[in-house]
Amino acid sequence: MPRYFLFHKPYGVLSQFTPEDGARSLAEFGLPKGVYPAGRLDKDSEGLLLLTDDGPLIERLLNPKSEKPKTYWVLVERVPTEESLQRLRTGLRIEDYQTKPCEAVLLDPQPEVPPREPPVRLRKSVQDVWLQVRIVEGKNRQVRKMTAAIGHPTLRLVRQSMANLRLEGLAPGEWREMGRGDIEF
């Protein structure tokens, strides 16, 4: 029987079970043997990670043709204008590709997010704000590259959801088992 687990990946942890270059890995969180991440979050990103031993489900979830939405809360430097947010929404050129249209909004009110170690550097003269960005693709560091392209570098990135799966109720480093019926496509 395939197994499915939702995990809140903390900052600084690799999305793999083998430590590398002194970085922390999934091995330290007591996750069951034989499951693997469905997709990745960079070491400096946080949030929802699905782990499973169901290869066909991983393929369906991650295949670009499936266009499964992924929602991120993104702390950016300075407050973007509506024009800047519209550039994200309509898609923009980053490196050698054009991003697909996405949803991008300034979160109001700003969310309560668990503290991070180390904390994001705060400056008294610059206001940082949380955006919600929902994409249907998942290129390497895509959201970070998109916010940088509009002049608002990402300071912190927390994946909130993938398809119908939600991070809610999991503190950083916590995980819970779920059933296949809980995953909708």
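For the protein chain, the name recorded in an unreviewed UniProt entry is Pseudouridine synthase, with Acidovorax bellezanensis as its organism. For the record of the protein chain, the UniProt heading Sequence similarities (unreviewed entry) holds the text "Belongs to the pseudouridine synthase RsuA family."

Enquirer: Before we go on, may I ask you to explain the layout of surface pockets in this structure?
Expert: Left-over empty space is what a probe sized like a water molecule reveals as it rolls over the atoms. The volume enclosed by the largest pocket comes to roughly 510 Å³. The biggest single contributor to the lining of the largest pocket is helix α3 (residues 142-149), with three residues. Counted by class, the lining of the largest pocket contains eight nonpolar, seven polar and 11 charged residues.

Enquirer: Whenever I open this one, the UniProt feature "domain: Pseudouridine synthase RsuA/RluA-like" (unreviewed entry) in the protein chain confuses me. Can you help?
Expert: With numbering matched to this structure, UniProt assigns "domain: Pseudouridine synthase RsuA/RluA-like" (unreviewed entry) to residues 4-149. This span, residues 4-149, is 17% helix and 27% strand, and a straight line between its end C-alpha atoms measures 36 Å.

Enquirer: For this particular structure, what's the right way to read the pattern of salt bridges?
Expert: Pairing of side chains with opposite charge becomes possible as their charged atoms draw close. Enumeration over the complete set of coordinates arrives at 11 salt bridges. The salt bridge involving R156 is made with E46; its shortest N-O contact spans 2.7 Å. Residue R156 is located in strand β9 (residues 154-162), and its partner E46 is located in strand β3 (residues 46-52); the two are separated by 110 residues in the primary sequence. Each member of the pair, R156 together with E46, is buried. Here the salt bridges share partners, and the residues they tie into one network are D42, D44, R141 and R144.

Enquirer: Sorry, what's going on with the environment of Y72 here?
Expert: Looking at the secondary structure, you find Y72 in strand β4 (residues 70-77). For Y72, a relative accessible area of 8% translates into the label buried. The spatial distance from the C-alpha of Y72 to the C-alpha of M162 is 9.3 Å, given a sequence separation of 90 residues. Excluding anything up to four places from it in sequence, Y72 contacts L41, L131, Q132, V133, I135, V143, L157, V158, R159 and Q160. At 3.5 Å, the side chain of Y72 and the side chain of R159 are in polar contact.

Enquirer: Quick question: what am I supposed to make of the environment of L157 here?
Expert: Along the chain, L157 falls in strand β9. If we skip the residues at most four places from it in the chain, L157 touches S45, E46, Y72, W73, V74, V143 and R144.

The rules we used
- Residues numbered from 1 in each chain as written.
- Predicted model: local features only at pLDDT ≥ 70, side-chain atom pairs only at ≥ 80, totals over all residues.
- Heavy atoms only, no water.
- UniProt positions renumbered as here; feature names shortened; annotations may be inferred.
- 1 Å grid on protein atoms, 1.4 Å probe; cavity = no way out; pocket = protein on both sides within 12 Å on 5 of 7 lines; lining within 4 Å.
- Points joined across faces, edges and corners; volume = space filled by probe spheres on them.
- Helix = DSSP H or I, 4+ residues; strand = E, 2+ residues; numbered from the N terminus.
- Nonpolar A, V, L, I, M, F, W, Y, C, P; charged D, E, K, R; others polar.
- Salt bridge = Lys/Arg side-chain N within 4 Å of Asp/Glu carboxyl O.
- Buried < 20%, exposed > 50% of the residue type's maximum accessible area, 1.4 Å probe, protein only.
- Contact = heavy atoms within 4.5 Å.
- Polar contact = N/O pair within 3.5 Å; in protein donor to acceptor, adjacent residues only side chain to side chain.

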